[in-house]
Amino acid sequence: MEEDQELERKISGLKTSMAEGERKTALEMVQAAGTDRHCVTFVLHEEDHTLGNSLRYMIMKNPEVEFCGYTTTHPSESKINLRIQTRGTLPAVEPFQRGLNELMNVCQHVLDKFEASIKDYKDQKARRNECTF
């Protein structure tokens, strides 16, 4: 019971987002009756294949993860079900958090490189314009 409370505390920061002044659930953790904390389905609302496939890839890089897959519930609904099953004693919420953090780091790296390239392009363009006058 204490372990379940700890897992709930770990993902509490990911659970809600503010939308137009009201609390809206962004993430649900679903466990079937009789299953352990090593096999969990996470329901991510307002998400699609963009996050689902990227997150699945990042999570599967962890050697402690036995299975990770996702499905979209219906094309008209914007939510995904992400299922994680781990080996050994690692609870499924830990590779989920690690995958999210690694994906955020990759996205930040891409954004930094993109912004640096834009700056370089603008600087080169400005130098070319200075040379023509």
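Residues numbered from 1 in each chain as written. Predicted model: local features only at pLDDT ≥ 70, side-chain atom pairs only at ≥ 80, totals over all residues. Heavy atoms only, no water.

An unreviewed UniProt entry annotates the chain as DNA-directed RNA polymerases I and III subunit RPAC2 of Pan paniscus. Per UniProt, the comment on the chain under Subcellular location (unreviewed entry) is "Nucleus". (UniProt positions renumbered as here; feature names shortened; annotations may be inferred.)

Asks: What am I meant to see in the pattern of salt bridges here?
Replies: Charged atoms that come close allow side chains of opposite charge to pair. Inspection of every chain in the model, using the stated rule, returns two salt bridges. Of the charged contacts in the structure, one is a salt bridge between Arg 98 and Glu 102, with a shortest N-O distance of 3.1 Å. Here Arg 98 pairs with Glu 102, and both are found in helix α3 (residues 93-132), just four residues apart, close to one helical turn. Accessibility expressed as a relative area gives 46% for Arg 98, which makes it partly exposed. One salt bridge in this structure joins Asp 123 and Lys 119, with 3.1 Å as the shortest N-O distance. Here Lys 119 and Asp 123 lie together in helix α3, a separation of four residues that amounts to about one turn. In this structure Asp 123 comes out as partly exposed when scored by relative accessible area, which is 31%. The class for Lys 119 is exposed, based on a relative accessible area of 51%. (Salt bridge = Lys/Arg side-chain N within 4 Å of Asp/Glu carboxyl O. Helix = DSSP H or I, 4+ residues; strand = E, 2+ residues; numbered from the N terminus. Buried < 20%, exposed > 50% of the residue type's maximum accessible area, 1.4 Å probe, protein only.)

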